[in-house]
Amino acid sequence: MKFTLSWLKEHLDTIATVDGIAHALTMIGLELEEIEDLTRDFAAFRLAKVISAEQHPNADRLKVCLVDPGDGSEVQVVCGAPNARAGMIGVFAPAGVHIPGTGLDLKKGKIRGVESNGMLLSERELGLSDDHEGIVDLPADAPVGTPYAEYAGLDDPVFDIAVTPNRPDALGVAGIARDLAAAGEGNVIDRPVEPVPGDGPCPVKVTLDFGDTPPLCPAFGLRLVRGVKNGPSPDWLQQRLRSIGLRPINTLVDITNYVTYDRGRPLHVFDAAKVAGDLVIRRARDGEEIVALDGKTYTLDSEICVIADDNGVESIAGIMGGEASGCTEETTDVLIESALWDAMNIAQTGRKLGVISDARFRFERGVDPAFMVPGLELATQMVLDLCGGTPSEVFVAGEVPEPKTVIEFPVSEVRRLAGIDPSMSEVTTILEALGFACAPHRVDGHITVTVPSWRPDVAIKADLVDEVVRIVGVERVPVTPMTRPPGVLKPVLTPIQVRTRQAKRALAQRGMVEAVTWSFIPSRHAEAFGGGAPELIIANPIAADMSDMRPSLLPGLLAAAQRNADRGFGDLMLFEVGQIYAGARPEDQNIAAAGIRRGTAGYASGGRNWSGPADPVSVFDAKADALALLDSLGLPQGKVQITTDAPAWFHPGRSGIIRQGPKTVIGAFGELHPKVLDELDVEGPLAGFEIILDAIPAPKVRPTKTRPPLHMSDLQPVRRDFAFVLDRSVEAARVIRAAEGADRKLISGVTVFDLFESAALGIDKKSLAIEVTLQPSEKTLTDEEIEAAAGKVVSAVEKATGGVLRA
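I will try to describe carefully the structure that is included in this document. Everything numeric here is computed off the predicted structure, so don't read it as measured data. (Residues numbered from 1 in each chain as written. Predicted model: local features only at pLDDT ≥ 70, side-chain atom pairs only at ≥ 80, totals over all residues. Heavy atoms only, no water.)

**Overview of the nonpolar core**
Okay, so step 1: Membership of the largest hydrophobic core comes to 72 residues, with the highest contact counts inside it found for L8, L25, I176, L180 and F436.
Okay, so step 2: L224, F270, M320 and A339 belong to the second-largest nonpolar core, a separate cluster that totals 41 residues. (Core = buried A, V, L, I, M, F, W, Y, C linked by side-chain atoms within 4.5 Å. Buried < 20%, exposed > 50% of the residue type's maximum accessible area, 1.4 Å probe, protein only.)

Here it is, written out as structure tokens:
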């Protein structure tokens, strides 16, 4: 939300400085993002007269100018502008200053052998427009030596504040002034809107026609003004709109934009000559189209509310008008509209069509219903003042809602929730300054508070505490340490909090860097990772590409990896621990830990190295990360099983699922599927994992038993190799588990060291070789004992897998 200091002072009688207002805005919750003060940026630029302009001796397109900047001196400047001439008045910048339009610092130097000690500026170099055909050429009576910002009326600071979605009242300068006045920065200038008498009824009637479907327009106000003279708006109005980044169009349109920012009341104007018959507010019909004021054609459906006439759709309700009925300088009769719309429908329509407008921004947050008709009266008066004409009476279809929220507010609630103890009179003064109606009950310390119509966000006692605290000042809230329950000597963390911390430490120890990504992701990303359920679509997202709650941490990590790769950091390792969402119920929300590796950032290779080319990341890097994480959380590899039925976003055959038992899925790992990478516009190679921390079973608490101390056997281990011919579908893990279980007292380890596939083995067959370590603990093994153990291994593997010992 942007506004200028002079605009604010039309609603606030204040002597506060720019810095004082900036500080107050942030302290009352209207966080200041930027102050654009051209007085500071243009401080060195002054009006100067060109005394002479001679041809450059060494360049046909350059001139050597002598410039009088108003201080009695003459400065030589080399200028390439075609309109540079003796006697003109322009804008002079001395050497050593910063040029905002180019971002460069101006230096004294020689141009084609001739010294230049400054610059005559164009509008582009000033940063005011893209015009650089010539330097600024001012009227002959422009006062030489005057600061350019003062002369051009650019000495009005522009404030840009961040308005949270719950504060639609702060989307108008009048609402901001009200808050600042309550905070002691001045007094509100009351500017009541007087009704404008009408000459006869409005000839265009309005019908709200929603049939049996829920209504999308509670009320609609319309007025006709005949005989207007439209054209460019006055300079003060154009300057005000330009200062906040809006382009002046014509007086009628500029008035609606002005009222939108001045009072937070969006309006629309129709050229009455282009409207056929009466207006009908209805749902669009599937397939209807409209060319909007932005020149784009939009295809509509029955979920979209429109304003229509006998010609068809004339406006997308609450978002943008149609080009066909827009006002131009030829408009003589104008219809002024002020309406109320269903906020949820406006938000959904805006997202669906991809349209962002000032009207949508306000309607989807909620506008003051009580100002619907006064806003129409205000716009009418401005039209009469600036364009002339004769107004009709106001026609209102529907009923303007009259929300009335009454809260019984104990003043002690401020102390209980915020730790400060203002008096009842102080609380009453603050709330009344913010527009709340208060009826104090001094006997019981309560105040009956009626919430104003422009504050839909205030509904409970805690909201009123928030209002009091932000005006009193959060700096008055005391720093109070939290007390621990009796008998508790140290902070107590829940098991999931402990597990979260352990996971972060474990992944950081593996060289991975923690990332924090949005919980909201684009719908197509959510669908690619098993999400996209209707209950996980955000009702009012902060952006069109942040519409769904994330079903996985991986989409955010993949997007972060691509952003880094685009900036030259292709080999990287990222992890995140956070919430994921499978549904709207509490049990559908889990804490997960996920990580990705990109490029050659494998755990073993560690990236590029002089000793040889590094291998790209693979499924085995992701598997190692996942198993190492589980091990750090008390779930060793021997207690989990790995199967190949990984989710569809992983590469088939290069991924796996980690289970504990047949039903409990703990996580998944693997290389990302190429189609998923294409959908996310991400380039590989990429491998990742995701572990559901909530799915890891809590360790069982067993009675403490005295165990004999562990010691390494001093007897020589025996290692034997076995090669089995198996079906290609048999996992290596089945072979390992079978071999380990052949003799658990004697067998201390089983590892895979070779995989061989050949047509000679048979169709869909493979050879898998394992090394089995036999570790005696009491005596050296005899040949017979070794052969007996080997027989057990062969028998166990053949029984478990259907394979045979390779000859």
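**Some details on the pattern of salt bridges**
Any two side chains of opposite charge can pair, on the condition that their charged atoms come close.
Okay, so step 1: Within this structure, the stated rule accounts for 39 salt bridges.
Okay, so step 2: Among the salt bridges present, the one from R455 reaches E467, with a minimum N-O distance of 2.8 Å. Residue R455 is found in the loop between β29 (446-451) and α14 (461-472), and its partner E467 is found in helix α14; the two are separated by 12 residues along the sequence.
Okay, so step 3: Across the pair R470 and E467 runs a salt bridge whose closest N-O atoms are separated by 2.9 Å. Here R470 pairs with E467, and both are found in helix α14, just 3 residues apart, close to one helical turn. The residues R470 and E467 share a single accessibility class, namely buried.
Okay, so step 4: What emerges from the salt-bridge pattern is a single network uniting R167, D169, D179, R455, D457, E467 and R470. (Salt bridge = Lys/Arg side-chain N within 4 Å of Asp/Glu carboxyl O. Helix = DSSP H or I, 4+ residues; strand = E, 2+ residues; numbered from the N terminus.)

**Brief notes about the environment of E514**
Okay, so step 1: In this structure, E514 sits in strand β30 (residues 513-514).
Okay, so step 2: Residues E514 and D271, spaced 243 residues apart in sequence, show a C-alpha to C-alpha distance of 57 Å.
Okay, so step 3: Setting aside its immediate chain neighbours within four residues, E514 contacts K504 and F575.
Okay, so step 4: A polar contact of 3.4 Å, which involves the side chain of E514, links it to the side chain of K504. (Contact = heavy atoms within 4.5 Å. Polar contact = N/O pair within 3.5 Å; in protein donor to acceptor, adjacent residues only side chain to side chain.)

**Observations concerning the sheet that holds strand β40 (residues 747-756)**
Okay, so step 1: Taking strand neighbours across the sheet as the criterion, the 4 strands line up as β40-β41-β39-β42 in an open arrangement whose pairing is antiparallel. On the outer flanks of this sheet lie β40 and β42 (804-805), each paired with one strand and no other.
Okay, so step 2: Note that β40 and strand β41 (residues 765-774) share 8 bridges and pair antiparallel. Residue pairing in the sheet places F756 in a bridge with S767 of β41. (Pairing = 2+ DSSP bridges.)

Purely geometric numbers; function is a separate question.
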